[in-house]
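In case you want the letters, here they are:
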There are 2 protein chains.
Amino acid sequence: MTDPRYDVIAIGNAIVDVMSACQDELIDELGLNKGGMTLVDTDRAHDLYDAMGPAREISGGSAANTLAGLSALGSQCAFIGQVADDQLGEVFAHDIRAVGIDFDTAPRAGDPPTARCLIFVTPDAQRTMNTFLGASQYLPAAALDLDAIASASILYLEGYLWDPEEPRAAMRKAIDAARAAGRKVAFTLSDAFVISRHGDDFRALVEEGLIDILFANHVELAALTGEDDFDAGIAALAPKVPVLVVTRSEEGAVAVANGERAEVAAEPVDEVVDTTGAGDLFAAGFLHGHVKGADLATCLRMGAIAAAEIISHYGARPEADLKALMAEKLGG
Amino acid sequence: MTDPRYDVIAIGNAIVDVMSACQDELIDELGLNKGGMTLVDTDRAHDLYDAMGPAREISGGSAANTLAGLSALGSQCAFIGQVADDQLGEVFAHDIRAVGIDFDTAPRAGDPPTARCLIFVTPDAQRTMNTFLGASQYLPAAALDLDAIASASILYLEGYLWDPEEPRAAMRKAIDAARAAGRKVAFTLSDAFVISRHGDDFRALVEEGLIDILFANHVELAALTGEDDFDAGIAALAPKVPVLVVTRSEEGAVAVANGERAEVAAEPVDEVVDTTGAGDLFAAGFLHGHVKGADLATCLRMGAIAAAEIISHYGARPEADLKALMAEKLGG
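My aim in this report is to walk through the structure given alongside it, one point at a time. (Residues numbered from 1 in each chain as written. Chains lettered and ligands numbered in written order. Predicted model: local features only at pLDDT ≥ 70, side-chain atom pairs only at ≥ 80, totals over all residues.)

All names here are of chain B. Read across the open sheet, the 9 strands follow the order β6-β5-β1-β9-β10-β11-β12-β13-β14; overall the sheet is mixed. At either end of the open sheet lies a strand with only one pairing partner, and these are β6 (102-103) and β14 (260-264). Judged from the 5 bridges that link them, strand β13 (residues 253-257) and β14 form a sheet pairing that is antiparallel. Considered in β14, the bridge of Val-254 is made with Glu-263. In the packing of helix α8 (residues 218-225) onto the sheet, the strands contacted are β11 (213-217) and β12 (243-247), and the crossing angle to β11 comes to about 110°. (Pairing = 2+ DSSP bridges. Helix = DSSP H or I, 4+ residues; strand = E, 2+ residues; numbered from the N terminus. Contact = placed C-beta atoms within 7 Å. Axes fitted to C-alpha atoms, helices over the stretch in contact; angles between N-to-C directions.)

Pasting the structure below:
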């Protein structure tokens, strides 16, 4: 096995977030699933955009956000995801390359356009996401750079992308390529709705030992294990994955690796502005620590620090100098 | 003369800002005109975008920003400007309509794309703007809604748009329509480079008595009058326009109306983040006061308050509730 070219290569949705502040009344009026992620079609996307206040566009996508955090921390990263050949596709590609991430998936010609996520941010900083998947759901297995996957220490996959058929097939192929090369596979469960549709797939991946690092929040943990009790969920899942990381918002996070359990409190934040990307950046901090060989408690702390940065401003891509922030907070 | 349907109708560039934080070294390396606005062609725009860090997209355009402020304050507004039939054009149209501004200019088919302004924001909060005018420079006189112009108390024009030929002709036609209807014409000089190219036009408009309210900053005042001394510049220009408003960044602003002179200090700001839109929002606050019949000192203060809000965050569109902010600051 040669030295890895990348620390992390990720396959994920290539999405531009369209973000706007709103009051809770609008969430009710539009019948939105507050705090969740809902897939929307073209018509619903238009209706929601019409109802939305003035917005800002910031590149997003769960795994892409995680990579942006990893890259800011100094990890070598590559991204695989499908944009269309349009202006938002250019925006996505620019933003991910601008932080030093290799991104070579060719844009897809014609309709549908690049994916966008209409995000309504309420005064409690909660984000309500409505995703129009557009081109992103047509990522073909043929777009995978298998050599790149084989040359990355970790293949990182987002559960969101398990829903559409073509990317699901691509991810299965990527898992095979990574494992054949002796690399690790990390997976984030993304959202309870994905588990409701594809929980059997995820449980099978876990049982077959194909997942080395699993990220979930407490809701997803319950959905996957069927255990409503947090500790019972951890106890059920931890023996089946080498590294399990479970976040629970303001209550911090827990990780279990090979029988060792560690916990971290949420990092204090002056003002929580927008929780979009909290889980994505937690994963970034944790994975960067893992790649650098940090102990489990430090990996968790790095996750908490990165998550705290992202929720202190609008958007799911880091704005502060994450590397300097880590050095300051970890005293190193 | 019937009651006006709009308080302010504006003709301006229809631009989406592409904003990114950067260090001063990058400004030097790219040979940018720090603090200024430079027009760029397609190739230069691509090169600058490639060199730019991760960005966020927020609708901009000088007069459009001013209207967004006016609308937030409660003025009835309409905008005329040219976008292309593309995704950034949809973004611009959405954002301006979402704040209650009427915008009916039909998108232009085909190339060039919607205008964008690549804005590099340095740690001193200065913004360096590089504008690719795209479709915006092709606003035809035929696109004007002359009835709407005749039914607005104030026609507001941005000097930036005087540079390309078609919008210049459109603005001349709009001035005629507004004056024929007995309405006021407000004009912002926008940037010294525009004055260097079109100063003779602007001086002629002033001499002919076609401008009722003129906005300038201290640099533009000097460029227009040829007077390096601030007070000499004011003395030279004030007798020729009913209302003259001159901003001078952190030194506040001066207005002279029919012989009366008033001054305002800059409004204190906790942290100046990005000065993009400071002049635009100063004009918004001032014009809203003017429309509502406030005295000159109050108009200036409203300008200062709106400008202070805009420089406290990224982007040139208001984020705070400007109406509430005014009530708080002005004591009701």
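All right, on to the packing of helix α10 (residues 278-291) of chain B against helix α11 (residues 296-310) of chain B then. Relative orientation and spacing of two packed helices are given, respectively, by the angle between their axes and the distance between those axes. Residue and element names in this part refer to chain B. Two elements in contact, α10 and α11, have axes whose closest approach is 7 Å; the angle formed by their N-to-C orientations is 145°. In this structure, the crossing between α10 and α11 has a hand that is right-handed. Touching Ala-278, Leu-281, Phe-282, Ala-283, Ala-284, Gly-285, Phe-286, His-288, Gly-289 and His-290 of α10 are Thr-298, Cys-299, Leu-300, Met-302, Gly-303, Ala-304, Ile-305, Ala-306, Ala-307, Glu-309 and Ile-310, all from α11. Here the residues of the contact of α10 with α11 are counted per class, giving 14 nonpolar, 6 polar and 1 charged. (Left-handed = near helix turned anticlockwise from the far one by under 90°. Nonpolar A, V, L, I, M, F, W, Y, C, P; charged D, E, K, R; others polar.)

The next thing to look at is α10 of chain B. Residues and elements named next belong to chain B. Here α10 spans 20 Å end to end across 14 residues, near enough to the 20 Å set by a 1.5 Å rise per residue. With respect to burial, α10 is a largely interior element, 14 of its 14 residues being buried. A positive backbone phi angle near 80° is found at Gly-293, which sits one or two residues after α10. (Expected span 1.5 Å × (residues − 1). Buried ≥ 20, exposed ≤ 12 C-beta atoms within 10 Å, placed from the backbone.)

At the interface, 20 residues of chain A touch 20 residues of chain B. Considering every element that reaches the side of chain A that touches chain B, the biggest residue donor is helix α4 (residues 87-97) of chain A, with 5 residues. Here the residues of the side of chain A that touches chain B are counted per class, giving 10 nonpolar, 5 polar and 5 charged. Across 3 bridges, the pairing between strand β4 (residues 56-59) of chain A and strand β4 (residues 56-59) of chain B is antiparallel. Counted as the bridge partner of Arg-56 of chain A is Ile-58 of chain B from β4 of chain B.

This brings us to the environment of His-94 of chain A. Mapped onto the elements, His-94 of chain A comes out in helix α4. Sequence separation of His-94 of chain A and Ser-59 of chain A is 35 residues, and the distance between their C-alpha atoms is 9.2 Å. Excluding anything up to four places from it in sequence, His-94 of chain A contacts Tyr-49 and Ala-55 of chain B.

Counting residues in hydrophobic clusters, the biggest one holds 118 residues, and the most contacted among them are Val-8, Ile-9, Leu-67, Leu-155, Leu-244 and Ala-255 of chain A. For Leu-244 of chain A, the contacting residues outside a window of four places in its chain are Leu-214, Leu-237, Ala-238, Ala-255 and Val-256 of chain A. With 116 residues, the next largest nonpolar core counts Met-19, Ile-195, Leu-224 and Tyr-314 of chain B among its residues. (Core = buried A, V, L, I, M, F, W, Y, C linked by C-beta atoms within 7 Å.)

Before going further, it helps to examine the pairing of β12 of chain B. Residue and element names in this part refer to chain B. Counting buried residues along β12, 5 of its 5 residues qualify, which places the element largely inside the surrounding structure. Side-chain alternation along β12 places Val-243, Val-245 and Thr-247 on one buried face and Leu-244 and Val-246 on a second face that is also buried. Sheet topology places β11 next to β12; 5 bridges connect them, and they run parallel. Its bridge partner lying in β12, Phe-215 is registered against Val-245. Of the pairings in the sheet, the one linking β12 to β13 comprises 5 bridges and is antiparallel in character. The partner of Val-246 across the bridge, within β13, is Val-254. Once β12 ends, the chain turns through 5 residues before running back antiparallel as β13, passing Ser-249 with a positive phi of about 45°.

The 10 strands are arranged β3(A)-β8(A)-β7(A)-β2(A)-β4(A)-β4(B)-β2(B)-β7(B)-β8(B)-β3(B) in an open sheet whose pairing can be described as mixed. Lying at the two open borders of the sheet, with one neighbouring strand each, are β3 (37-39) of chain A together with β3 (37-39) of chain B. Taken pair by pair, the neighbouring strands of this sheet meet at an average axis angle of 25°, ignoring direction. Note that strand β2 (residues 15-21) of chain B and β4 of chain B share 4 bridges and pair antiparallel. When the sheet's bridge partners are listed, Val-18 of chain B is paired in β4 of chain B with Glu-57 of chain B. Contacts between α4 of chain A and the sheet are confined to β2 (15-21), β4 and β7 (115-121) of chain A together with β4 of chain B, with β4 of chain A contributing the most and set at about 50° to the helix.

Okay, the environment of Leu-325 of chain B next. Residue and element names in this part refer to chain B. Following the sequence through the fold, Leu-325 ends up in helix α12 (residues 322-329). C-alpha separation for the pair Leu-325 and Met-37, spaced 288 residues apart in sequence, amounts to 30 Å. Those residues in contact with Leu-325, other than ones at most four positions away along the chain, are Ile-305, Glu-309 and Ala-320.

A word on the pairing of β2 of chain B. On a regular strand, each side chain points to the face opposite its neighbour's, so the side chains alternate between the two faces of the sheet. Residues and elements named next belong to chain B. Among the 7 residues of β2, 6 are classified as buried, and the element is accordingly described as predominantly covered. By the bridge criterion, 7 bridges tie β2 to strand β7 (residues 115-121) in an arrangement that is parallel. Across the sheet, residue Ser-20 finds its bridge partner in β7, namely Phe-120.

Distances and angles like these do not, on their own, reveal function.
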